[in-house]
Amino acid sequence: MIERIVIIDSVDPVSFYGVNNTNMHLIKNLFPKLRITARGSVIKVIGDDHDTAEFEKKIKELEQWCARYNKLSEDAIIDIIKGNEPKEVKADSAIIFGVNGKPITARNPNQQKLVREFHDNDLTFALGPAGTGKTYIAIALAVRALKNREARRIILSRPAVEAGEKLGFLPGDMKEKIDPYLQPLYDALEDMLPAVKLKEYMETGVIRIAPLAFMRGRTLNDAIIVLDEAQNTTKHQIKMFLTRLGMNAKMIITGDVTQIDLPRSEQSGLIHALHVLRNVKGIGKVEFTKKDIVRHPLVQRIVEAYEESQAEEKKEHISSHNAAENENPQEK
């Protein structure tokens, strides 16, 4: 009789063991000759050498399945342990499987294009209005690369630009002031990774979320890097960020050029970068439109209403300008 220790380190133990340890009870029933105990990420098994080795092999196969689909069903457990081919979880265009096995998919043609551009390029721009899923898909692609070991870490960043409210009046220390700006990035990650695993990744630096200013001076190797809300960067900031790209790394830059919160005297770094890099090879670009909005149907109508209002304001401005010139022809 020997004792083996198997470490479950790539999945959330709660997802692996199941509610009230139902998965673990099933596994024990399928290995009646072995004494099995599990605590946290450690599974101890006692039995003869052949049986314990087979147990360890099957547990690792179950762990890989759970890591891929973020859940472990009774059917999958039985099929894998009995040596049968488990049924694939069907989901068209699935990028990854989120918490509780929910498939995260590319839901419209431009999201699908973003997936392709990310695959083909080391730098991709994703542009368009709020609600089109550009940031969500970008983070899903980063998580997939991490799970597939195509990258060792994920870096997510946003410029902390004041939009009508001053940072200095927010309560707390610097982290507490900045975190609300980064919350949308946390929200996306919470959809894709179990809470325990996300916490572990954050604590060990596998996933880092930081304001843009914290990127200066760094070279980001073996990473997937996402810059969100890039329309609020200055020319110097986005140049600094783009030049952080290291070896075996990929970047996705997202932004909406209709929602710039910079002072009027400051040109958006995103708009400037798109112009400067327009002829550079190896850069992908996806332009989302209001037709790609995947939030509540009302969001699309809101975006359309604002576009109509801006068009009317522009038309009125041109008309008043022309009228003023006609009244004062000597100024021409």
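Bear in mind that the values here come from a model prediction, so they are computed numbers and not experimental data.

**Student:** Is there a simple way to explain the side chain of Ser268 in this structure?
**Tutor:** On the secondary structure map, Ser268 appears in the loop between β10 (250-255) and α10 (269-276). Setting aside its immediate chain neighbours within four residues, Ser268 contacts Ala230, Gln231, Thr233, Ile260 and Leu262.

**Student:** Please clarify how the sheet that holds strand β2 (residues 35-39) should be interpreted in this entry.
**Tutor:** Strands pair in a sheet through their backbones, by hydrogen bonds, and they do so in one of two ways: parallel or antiparallel. Reading across from one edge, β1-β3-β2 is the order of the three strands in this open sheet, with antiparallel pairing throughout. On the outer flanks of this sheet lie β1 (2-7) and β2, each paired with one strand and no other. Averaged over all adjacent pairs, the angle separating strand axes in this sheet is 15°, with direction ignored. Across six bridges, the pairing between β1 and strand β3 (residues 42-47) is antiparallel. The residue bridging Ile5 from the neighbouring strand is Lys44, located in β3. Relative to β1, helix α3 (residues 49-69) is tilted by about 10°, and along the sheet it contacts β1, β2 and β3.

**Student:** Where do I start with helix α6 (residues 134-147) in this structure?
**Tutor:** Residues spaced three or four apart along an α-helix face the same direction, because each turn holds 3.6 residues. Look at α6: 20 Å from first C-alpha to last across 14 residues, which is about the 20 Å you get at 1.5 Å a residue. The element α6 is largely enclosed, with a buried count of 11 among its 14 residues. Where α6 is concerned, the buried positions are Lys134, Thr135, Ile137, Ala138, Ile139, Ala140, Leu141, Ala142, Val143, Ala145 and Leu146. Taken from the residues just after α6, Arg149 is the one with a positive phi, measuring 60°.

**Student:** I keep staring at the sheet that holds strand β8 (residues 207-211) and nothing clicks. Help me out?
**Tutor:** In spatial order, the strands read β8-β7-β9-β10-β6-β11; together these six strands make up an open sheet with parallel pairing. Sheet topology places β8 and β11 (283-287) at the edges, where each strand pairs with a single neighbour. Taking each pair of neighbouring strands and ignoring which way they run, the sheet shows an average axis angle of 15°. Relative to strand β9 (residues 223-227), strand β7 (residues 153-158) is paired through five bridges, and the arrangement is parallel. Of the residues in β9, the one forming a bridge with Leu156 is Val226. With respect to the sheet, α10 is in contact with β6 (123-127), β10 and β11, its orientation differing from that of β6 by roughly 125°.

**Student:** I'm lost on the nonpolar core in this one. Help?
**Tutor:** Nonpolar side chains in soluble globular proteins tend to be buried together. With 37 residues, the main nonpolar core has Leu189 and Ile207 as its most contacted residues. No other element matches α6, which puts nine residues into this core. Counting 25 residues, the second largest nonpolar core, distinct from the first, contains Val6, Val11, Ile27 and Phe55.

**Student:** How should a nonpolar patch on the surface be read in this particular structure?
**Tutor:** A cluster of nonpolar side chains, namely Val257, Ile260 and Ile271, defines an oily patch on the protein surface of about 200 Å² accessible area. If you trace the backbone, Val257 turns up in the loop between β10 and α10. A relative accessible area of 40% places Val257 in the partly exposed class.

**Student:** Quick question: what am I supposed to make of the environment of Leu127 here?
**Tutor:** By the element assignment, Leu127 lies in strand β6. For Leu127, a relative accessible area of 10% gives the class buried. Along the chain, Leu127 and Glu229 lie 102 residues apart, while their C-alpha atoms are 9.6 Å from each other. Beyond its immediate sequence surroundings of up to four residues, Leu127 is in contact with Lys134, Gly255, Leu270, Leu274, Lys285, Val286, Glu287 and Phe288.

**Student:** Looking at this structure, I do not really get the packing of aromatic side chains. What am I missing?
**Tutor:** Given two aromatic rings, one states the distance between the centres and the angle between the planes to describe the pair. Per the stated rule, a full pass over the model turns up four aromatic pairs. Each residue in the set Trp65, Tyr69 and Phe97 is aromatic and connected to the rest through ring pairs, giving one cluster.

**Student:** So what exactly am I meant to see when it comes to the pattern of salt bridges here?
**Tutor:** Two side chains carrying opposite charge are able to pair once their charged atoms lie near each other. Scanning all chains against the criterion turns up 10 salt bridges. A salt bridge links Lys58 to Glu61; the shortest N-O distance between them is 3.9 Å. Of the two residues, Lys58 and Glu61 both sit in helix α3, three residues apart, roughly one turn of that helix. Look at Lys58 and you get buried, because its relative accessible area is 8%. Beyond isolated ion pairs, a larger network of salt bridges with shared partners links Arg4, Asp49 and Glu56.

Cut-offs and rules
- Residues numbered from 1 in each chain as written.
- Predicted model: local features only at pLDDT ≥ 70, side-chain atom pairs only at ≥ 80, totals over all residues.
- Heavy atoms only, no water.
- Helix = DSSP H or I, 4+ residues; strand = E, 2+ residues; numbered from the N terminus.
- Contact = heavy atoms within 4.5 Å.
- Pairing = 2+ DSSP bridges.
- Axes fitted to C-alpha atoms, helices over the stretch in contact; angles between N-to-C directions.
- Expected span 1.5 Å × (residues − 1).
- Buried < 20%, exposed > 50% of the residue type's maximum accessible area, 1.4 Å probe, protein only.
- Core = buried A, V, L, I, M, F, W, Y, C linked by side-chain atoms within 4.5 Å.
- Patch = residues over 30% accessible without salt bridge, like charges linked within 9 Å, V, L, I, M, F, W, Y side chains within 5 Å.
- Areas by Shrake-Rupley, 256 points an atom, 1.4 Å probe, with all protein chains shown as cover.
- Salt bridge = Lys/Arg side-chain N within 4 Å of Asp/Glu carboxyl O.
- Phe/Tyr/Trp six-rings, centres within 6.5 Å; stacked < 30°, edge-to-face > 60°.

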